[in-house]
Amino acid sequence: MKKLLTLATAALMAGSAFSQQALWGGTPLVSPQINPDNTVTFRCKAPKAKTVKITGDFLPENEIDIPNYGKYALPGTAELTEGKDGVWEFTTPAPLTSEYYCYNLIIDGQRTIDPANVYINRDVATITNCFIISNEKGDKGDLYRVNDVPHGTVRHMWYNSPSLGMQRRLTVYTPAGYETSGKKYPVFYLLHGSGGDEEAWYVQGRISQILDNLIATGKAQPMIVVMTNGNAYEQAAPGQSPEGFKQPQMVMGGVKEGMKEAAFELSFPDVRKFVEKNFRTINDKKHRAIAGLSMGSFHSEQISKYYAGEYGYVGLFSGAGVGDGRKGDGSSSQSPVYKDFDKQMANLFSPKNRPELYYIAIGKTDFIKKGSDEMRAYMDEHKYPYVYRETEGGHIWRNWRIYFTEFAQKIFK
């Protein structure tokens, strides 16, 4: 026994020494380094590299053409300069505004993360580093960071979906004090975009930080936020289901062709049933909201009109369309969700069912802005009330965080 204990202790010490090497292996590179004037310096040690570049959402955008849509903006790139001991460096030419930023390095054409920055996130199949610029004036960067305020709780939970024939995972935010207050709360159903999952809004959207800060300052009502997985053919985010560590993709198979989105929309009562059974919720139209980005915007539009009178607040972020069924997808139009668009919309905006707020938001250079403009023209033609928000930029998380922040302050008042 004594011999075994000695071996175990030695193994533990060896493992500890290995894990501590980063602390005593010399002076680490600082990257990113946020300078006093809010310029940012990035560094990378790559003595054998021929070129090192950086790409990030703080650089001027590059535009590409997408057939049938038009221009789509991608983050630009900049070159790092090699200095002493093979350390490459780049400093932004101008200070960065208060914001949450993402970036990658490109070493000899290979996109990779910054090894000096441990803060990363995943968006579909892309891993990026991130950092926050804060000016302590209450701007976006201050809103997106963790501040010294009461904090809510984020849960990852599983629910049964008889409509889809599987157990499915969702993410739920409850506000600070939920566990002890005994109160009932309004519910906000928040949907992700194509390729995303139930972790997208929590990770990239920073919704728990935003709501903690808004609620603490009285700018938003305490609320429960339910983040679903809108892919009807998936149980959960990559790595969180029995499928294991499969490669994330923008579009995956499963479910009858053309019926993927309709299947999720028709199954949405399964989500509601679970939430209203397991959480203290106020179950009426004025205390229930639904919103989403891109594909989630389409889901929100369809669910709100198909289940008219059940959602008092509807948010369409970087999306929206008009007509029976989705264009170019003939089989999906067979779903009852997409039938009789005019009739369903008229029912939604009838005096009995009309939402308290119908919010449409999109960037000026968003590649699907034409569809959003068509939706607004349709709303104007039929005199359906809505609030419109247009921002700079395109189909990007920076805009979706803005829309979420604004929408969250308008609901349940």
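The text that follows walks through the structure, step by step, so that each part is easy to find. (Residues numbered from 1 in each chain as written. Predicted model: local features only at pLDDT ≥ 70, side-chain atom pairs only at ≥ 80, totals over all residues. Heavy atoms only, no water.)

### Here's the deal with the environment of His156
If you trace the backbone, His156 turns up in strand E13 (residues 153-161). Using a relative accessible area of 36% as the deciding quantity, one classes His156 as partly exposed. Sequence separation of His156 and Arg169 is 13 residues, and the distance between their C-alpha atoms is 6.9 Å. Apart from residues no more than four positions distant in its own chain, His156 is found in contact with Arg169, Leu170, Thr171, Glu199 and Tyr202. A polar contact is formed between the side chain of His156 and the side chain of Arg169, at a distance of 3.5 Å. Among the polar contacts listed, one links the side chain of His156 to the side chain of Thr171, at a separation of 3.0 Å. (Helix = DSSP H or I, 4+ residues; strand = E, 2+ residues; numbered from the N terminus. Buried < 20%, exposed > 50% of the residue type's maximum accessible area, 1.4 Å probe, protein only. Contact = heavy atoms within 4.5 Å. Polar contact = N/O pair within 3.5 Å; in protein donor to acceptor, adjacent residues only side chain to side chain.)

### Considerations on unusual backbone geometry
The peptide bond linking Ser31 to Pro32 adopts the cis configuration, its omega dihedral lying at -5 degrees. With respect to the element layout, Pro32 can be found in the loop between helix H2 (21-24) and strand E1 (33-34). Of note, Asp85 is a non-glycine position whose phi angle comes to about 60 degrees, a positive value. Of note, Arg206 is a non-glycine position whose phi angle comes to about 55 degrees, a positive value. With respect to the helices and strands, the residue Arg206 is situated in the loop between helix H5 (200-203) and helix H6 (207-216).

### Details of the pairing of strand E8 (residues 87-91)
Relative to E8, strand E2 (residues 40-45) runs antiparallel, the two being bridged by 5 bridges. Its bridge partner being in E8, Phe42 is matched across the sheet by Phe90. As judged from the 2 bridges shared by strand E7 (residues 81-82) and E8, these two strands associate in the antiparallel manner. Bridging from a neighbouring strand, Glu82 pairs with Trp88 of E8. Count of turn residues in the E7/E8 antiparallel hairpin: 4 residues, of which Asp85 carries a positive phi of about 60 degrees. (Pairing = 2+ DSSP bridges.)

### What to know about the packing of helix H9 (residues 295-306) against helix H10 (residues 341-348)
The interhelical angle for the contact between H9 and H10, taken along N-to-C directions, is 70 degrees, at an axis separation of 8 Å. With respect to H10, the axis of H9 lies roughly perpendicular. Contacts from Glu301, Ser304, Lys305 and Tyr306 of H9 reach H10 at Phe341, Gln344, Met345 and Leu348. Its residues placed into classes, the contact of H9 with H10 shows 4 nonpolar, 2 polar and 2 charged. (Axes fitted to C-alpha atoms, helices over the stretch in contact; angles between N-to-C directions. Parallel < 35°, antiparallel > 145°, perpendicular 65-115°, else oblique. Nonpolar A, V, L, I, M, F, W, Y, C, P; charged D, E, K, R; others polar.)

### Looking at the packing of aromatic side chains
Under the counting rule described, the total for this entry stands at 30 aromatic pairs. Summarising the aromatic geometry, the rings of Tyr178 and Tyr185 are spaced 5.4 Å apart at their centres and angled 45 degrees between planes, so their arrangement reads as tilted. Exposure class is identical for Tyr178 and Tyr185. Each is buried. Between Trp201 and Trp397, the aromatic rings sit 5.2 Å apart at their centres with planes inclined by 85 degrees, giving edge-to-face as the arrangement. Taken together, the residues span a long stretch of sequence, with Trp201 in helix H5 and Trp397 in helix H12 (residues 397-410) at a distance of 196 residues. Here Trp201 and Trp397 have matching classes, each one buried. Grouped by ring-pair contacts, the aromatic residues Phe188, Trp201, Phe317, Tyr359, Trp397, Trp400, Tyr403, Phe404 and Phe407 constitute a single cluster. Directly above the aromatic system of Tyr178 lies the positively charged group of Arg280, at a separation of 4.1 Å from the ring centroid. (Phe/Tyr/Trp six-rings, centres within 6.5 Å; stacked < 30°, edge-to-face > 60°. Lys NZ or Arg CZ within 6 Å of the ring centre and 35° of its normal.)

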